[in-house]
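# Coordinate analysis (summary)
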Amino acid sequence: NFQEKQSTTTFVSVVVLDEVGLAEDSPNLPLKALHPLLEDGTEEADDSHQIIDRQQRVAFVGISNWALDPAKMNRGVMVTRGDPDEKELKLSAEEICSSNQNDSVKEMLNPYFEHLAAAYKEVCEKQSEKKKSFFGLR
């Protein structure tokens, strides 16, 4: 309803599904419902061709630590990110602990960031050797 009152040339609603890869494991195949919605505004179910009004179309962002099946992957753009190095991990920790109003937490924890980054990197490398990745880029 909200989007119907907006100009479709300057405004679009976005649906964000975090950990969308987890749904791939469901025997009910819930993501299969997304296939027609990821096409260019058409819905092809049961041999009927239904056009979805421009005001009802939404953008879709799926975030996952695992690759989705090819039927979904070829309907969008995949952005991948390599494993962060210790410098990036330290910067992430600093930013998580930063505040616009008070950086006392960051100052208090600053001596630990480098050691935490090194330890996290080591855990990730050991998991990688075993071909298991619990943390991903969380």
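As the structure is a prediction and not an experimental result, all values here were calculated from the model.

Rules used in this analysis
- Residues numbered from 1 in each chain as written.
- Predicted model: local features only at pLDDT ≥ 70, side-chain atom pairs only at ≥ 80, totals over all residues.
- Heavy atoms only, no water.
- Helix = DSSP H or I, 4+ residues; strand = E, 2+ residues; numbered from the N terminus.
- Buried < 20%, exposed > 50% of the residue type's maximum accessible area, 1.4 Å probe, protein only.
- Contact = heavy atoms within 4.5 Å.
- Areas by Shrake-Rupley, 256 points an atom, 1.4 Å probe, with all protein chains shown as cover.
- Expected span 1.5 Å × (residues − 1).
- pLDDT = per-residue confidence, 0-100.
- Patch = residues over 30% accessible without salt bridge, like charges linked within 9 Å, V, L, I, M, F, W, Y side chains within 5 Å.
- Salt bridge = Lys/Arg side-chain N within 4 Å of Asp/Glu carboxyl O.
- Lys, Arg positive; Asp, Glu negative; His and termini not counted.
- Charge placed at Lys NZ, Arg CZ, Asp CG, Glu CD.

## Focus: the overall build of the protein chain
- Counting secondary structure elements, the protein chain contains four helices and four strands.
- Each helix and strand of the protein chain, ordered N terminal to C terminal, gives the series β-α-β-β-β-α-α-α.
- The 138 residues of the protein chain split such that 14% are buried.
- Long-range pairs, those at least 24 residues apart, make up 61% of the contacts in the protein chain between residues at least 6 apart in sequence.
- Carbon and sulfur atoms make up 53% of the accessible area of the protein chain, which totals about 11100 Å².

## Regarding helix α4 (residues 104–129)
- Between the first and last C-alpha of α4 there are 38 Å, a value that for 26 residues agrees with the 38 Å anticipated at 1.5 Å per step.
- Within α4, burial applies to F113, A117, K121 and Q127.
- Packing partners of the buried residues in α4 comprise α3 (86–96).
- Just downstream of α4, K131 is the residue with a positive phi angle, here 60°.

## Notes on the confidence of the model for the protein chain
- Here the protein chain averages 78 in pLDDT, and 79% of its residues register 70 or above.
- Within the protein chain, strand β2 (residues 42–45) has the poorest average pLDDT of any element, 51, and α3 the best, 90.

## Points about a nonpolar patch on the surface
- A surface patch of nonpolar side chains, about 400 Å² in accessible area, is lined by V12, V14, V16, V61 and I63.
- Of all the secondary structure elements, the ones that give two or more residues to the nonpolar patch are β1 (14–18) and β4 (59–63).
- Looking at the element boundaries, I63 is found in strand β4.
- Residue I63 is classed as partly exposed on the basis of its relative accessible area of 41%.

## Focus: a negative patch on the surface
- Among the surface-exposed residues, D83, D85, E86, E114, E125 and E129 lie close enough to one another that they form a single negatively charged patch.
- It is α4 that contributes the most residues to the negative patch, three residues altogether.
- In this fold, E129 is placed in helix α4.
- Among the residues examined, E129 registers a relative accessible area of 65% and is labelled exposed.

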